[in-house]
Amino acid sequence: MRVLVLGGDGYLGWPTALHLSDKGHEVAVLDNYARRKYDVELEAESLVPIEDLPTRIAAWEEVSGKKIALFEGDLCDAEFTYSAVRDFAPDSIVHFAEQRSAPYSMIDRDHAVYTQQNNVVGNLNLLYAIAEINPDIHLVKLGTMGEYGTPNIDIEEGWLEVEHNGRKDRMLYPKKPGSFYHLSKVHDSHNIEFACRIWDLRATDLNQGVVYGQQTAQTALDPRLATRFDYDAVFGTVLNRFVIQAVLGQPLTVYGKGGQTRGLIDVRDTVECIRLAVENPADRGEFRVFNQMTESYSVAQIAEIVANCFPGPVQIENLDNPRVEQPEHYYNVIHTGLVELGLQPHLLSDTLIESMFDIVGANKHRVNDDRMRPTVRWRGAIKS
Ligand code: NAD
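From a predicted model like this one, the values you see are computed outputs, not experimental measurements.

Engineer: I'm lost on the overall build of the protein chain in this one. Help?
Structural biologist: Looking only at helices and strands, the protein chain has 12 helices and 14 strands in total. The C-alpha radius of gyration computed for the protein chain amounts to 20 Å, which stays within 12% of the reference 21 Å derived for 384 residues, consistent with globular compactness. Viewed in the frame of its principal axes, the protein chain has a C-alpha envelope of about 65 × 55 × 45 Å. Put simply, the protein chain has 384 residues, and 55% of those count as buried. Contacts in the protein chain between residues at least 24 apart in sequence constitute 81% of all its contacts with a sequence separation of at least 6.

Quick look at the structure:
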């Protein structure tokens, strides 16, 4: 199949492009390098050095003999988006290309507006491009488990059977997201469901859990193929951040008591989930939703798991929670759709954490210590 990977320079987009190329698909990547600009703004680069995208693509061709096409530009530029879709003529588009940090979206008004504009407008341009150029294209869109929040009922895969005053309907699952970033994903989901309903598009919305890990079978083949690894309090995701803090000899910073439970997924499973979604497209008119996570743990449990794996002393420090979230809650997520398509999950017990300690140890001189503690507060806009 021909697959266009949007956000192909990012943490997940790059290893996904390699995985799909390795499995015999014709792959193109598209990116505007916004993520590299946030590095400069936040003064924290990827812990693992990464090459620029053209160098990575050339390295992949050298290692595998396979070519990846490149489109450099912004999804918010409709003309550019249309020309990329027209030129590459994909069967499937995998959309990772959004601002993806909750704290970044909560820095101030400018960052909230930027996040929602970038994400919602880019996605809307893409929906129009698909509808006008080839409505048969399957859109595989990355959403997040954070769209649901933490409701006091089971979290279904996107849809909920509701009975109200004696009548029944199948509704989009109600969302209670926890940041302006997560809200942008909810807006995207609604726009995509609407486009499937009115234009008969086909889409899979993947509500992904927090991703951990840094290597896949393909990125490990050559250092030039490495994907980024964020450690700072704005972009570093929870398990990755704890691993890095353990290696640096710093306390693992748990927000509040750490009773918040989150769905997790290994980066090797992320790339495989995308392959499964691409190779088993949704039907025309179908808005299909999968919860892309494999297990869930509370933040305190994640800290304990990392501390127990680390071959040395580790302290855990409970900080005042900078976010506004339920300190403890019910959390039961249905996530059978991808397993039914054939996913065989890597679970946290499968020794991945130990291998991450070496990667971090080799690069720890690159850490800017000032960027490890949270500075963005959810109630920052409120004058006390
Ligand atoms: P990332 O920031 O590393 O990658 C996103 C890429 O998209 C970057 O390379 C960026 O430059 C590019 N991009 C952003 N806006 C763009 C635009 N307007 N036009 C073109 N390119 C643009 O993020 P990631 O961690 O790889 O996440 C990818 C997707 O997966 C995101 O949509 C994110 O919401 C979702 N997701 C990630 C996680 C996680 O733990 N990393 C968890 C759940 C969902």
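Structure shown, so let's carry the discussion forward.
Engineer: Hey, could you run me through the site of the ligand in this one?
Structural biologist: Around the ligand there are 29 residues in total, and Asp 31, Arg 100, Asn 118, Tyr 181 and Lys 185 lie nearest to it. Backbone polar atom of Gly 10 to an oxygen atom of the ligand: 3.3 Å apart, as the coordinates give it. Relative to its unbound accessible area of 820 Å², the ligand is 98% covered by the protein chains. Of all elements in the fold, only strand S2 (26–31), helix H2 (34–42), strand S5 (138–144), helix H7 (180–199) and strand S9 (210–212) reach the threshold of two or more residues within the shell around the ligand. Split by residue class, the shell around the ligand holds 12 nonpolar, nine polar and eight charged.

Engineer: Which parts of the structure should I look at to understand the sheet that holds strand S13 (residues 295–298)?
Structural biologist: Sheets are built from strands that pair by backbone hydrogen bonding, the pairs being arranged parallel or antiparallel. Ordered by their spatial adjacency, three strands build an open sheet running S9-S11-S13, and the pairing between neighbours is mixed. Of all strands in the sheet, those with a lone pairing partner are S9 and S13, marking the two edges. Each strand axis lies, on average, 45 degrees off the axis of its neighbour in the sheet, ignoring direction. Inspection of the sheet shows S9 paired to strand S11 (residues 261–266) by three bridges, in the parallel sense. Pairing of Val 211 across the sheet is with Ile 265, part of S11.

Engineer: I'm lost on the UniProt feature "domain: NAD-dependent epimerase/dehydratase" (unreviewed entry) in the protein chain in this one. Help?
Structural biologist: As recorded in UniProt, the feature "domain: NAD-dependent epimerase/dehydratase" (unreviewed entry) lies at residues 3–291. The straight-line gap between the two end C-alpha atoms of residues 3–291 is 22 Å; of that span, 40% is helix and 22% is strand.

Engineer: I keep staring at the pattern of salt bridges and nothing clicks. Help me out?
Structural biologist: As a working rule, side chains carrying opposite charge can pair if their charged atoms are close by. Under the defined criterion, the tally for this structure stands at 25 salt bridges. Arg 202 serves as the salt-bridge partner of Asp 136, at 2.7 Å between the closest nitrogen and oxygen. In this pair, Asp 136 sits in the loop between helix H6 (109–133) and S5 while Arg 202 sits in strand S8 (residues 202–208), placing the two residues 66 residues apart along the sequence. The exposure class of Arg 202 is buried, given its relative accessible area of 15%.

Engineer: Looking at this structure, how should I read helix H9 (residues 267–279)?
Structural biologist: Taking 1.5 Å of rise per residue, the 13 residues of H9 would be expected to cover 18 Å, and the 19 Å separating its terminal C-alpha atoms lies within 8% of that figure. By the criterion of burial, H9 is predominantly enclosed, with 11 of the 13 residues buried. Listing the buried residues of H9 in full gives Val 267, Asp 269, Thr 270, Val 271, Glu 272, Cys 273, Ile 274, Arg 275, Leu 276, Ala 277 and Val 278.

Calculation rules
- Residues numbered from 1 in each chain as written.
- Predicted model: local features only at pLDDT ≥ 70, side-chain atom pairs only at ≥ 80, totals over all residues.
- Heavy atoms only, no water.
- Helix = DSSP H or I, 4+ residues; strand = E, 2+ residues; numbered from the N terminus.
- Rg over C-alpha atoms; globule rule 2.2 N^0.38 Å.
- Buried < 20%, exposed > 50% of the residue type's maximum accessible area, 1.4 Å probe, protein only.
- Contact = heavy atoms within 4.5 Å.
- Near = heavy atom within 4 Å.
- Polar contact = N/O pair within 3.5 Å; in protein donor to acceptor, adjacent residues only side chain to side chain.
- Areas by Shrake-Rupley, 256 points an atom, 1.4 Å probe, with all protein chains shown as cover.
- Nonpolar A, V, L, I, M, F, W, Y, C, P; charged D, E, K, R; others polar.
- Pairing = 2+ DSSP bridges.
- Axes fitted to C-alpha atoms, helices over the stretch in contact; angles between N-to-C directions.
- UniProt positions renumbered as here; feature names shortened; annotations may be inferred.
- Salt bridge = Lys/Arg side-chain N within 4 Å of Asp/Glu carboxyl O.
- Expected span 1.5 Å × (residues − 1).

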